[in-house]
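Geometric and topological summary
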Amino acid sequence: ASQRVRVDLGDVEYLWEELDYEDPDRIDYVRTVVMQVCERVELMPRGRGVRSFKGEHCRITFRNP
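For the structure given in this document, a descriptive report is provided here. (Residues numbered from 1 in each chain as written. Predicted model: local features only at pLDDT ≥ 70, side-chain atom pairs only at ≥ 80, totals over all residues. Heavy atoms only, no water.)

**Quick word on the pattern of salt bridges**
Here the structure, examined in full by the defined rule, presents 2 salt bridges. Linking Glu 42 and Arg 59 is a salt bridge whose minimum nitrogen-to-oxygen distance equals 3.6 Å. Taken as a pair, Glu 42 in strand E1 (residues 38-43) and Arg 59 in strand E2 (residues 58-62) lie far apart in primary sequence, 17 residues in all. Overall, Glu 42 belongs to the partly exposed group, its relative accessible area being 26%. (Salt bridge = Lys/Arg side-chain N within 4 Å of Asp/Glu carboxyl O. Helix = DSSP H or I, 4+ residues; strand = E, 2+ residues; numbered from the N terminus. Buried < 20%, exposed > 50% of the residue type's maximum accessible area, 1.4 Å probe, protein only.)

Spelled out as structure tokens, the structure:
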């Protein structure tokens, strides 16, 4: 995907905030950005019976510039 999608990493914070996760046509772009700016993405246990996603269910470690 990173070969097909051009990503400008000049302003990573803006790029991260502007990602459109809901648009299925942009999934390659979102995937490329995540792969380039994140060192690790961990999905944490949500607990029994919890179906909705919250920010604390995901731990993101960003790459050092």
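**Points about the nonpolar core**
Counting 8 residues, the largest nonpolar core is built from Leu 15, Trp 16, Leu 19, Tyr 29, Val 30, Val 33, Val 37 and Cys 38. Listing elements by their share of this core, those giving two or more residues are helix H1 (12-17) and helix H2 (27-37). If you tally residues by element for this core, the top one is H2, at 4 residues. When sequence neighbours within four positions are dropped, the list of residues in contact with Leu 19 reads Tyr 29, Val 30 and Val 33. (Core = buried A, V, L, I, M, F, W, Y, C linked by side-chain atoms within 4.5 Å. Contact = heavy atoms within 4.5 Å.)

**Brief notes about the state of the cysteines**
Across all of its chains, the model carries 0 disulfides by this definition. Here Cys 38 is not cross-linked by a disulfide; its sulfur's nearest cysteine counterpart is in Cys 58, at 8.2 Å. The class for Cys 58 is partly exposed, based on a relative accessible area of 22%. (Disulfide = S-S within 2.5 Å.)

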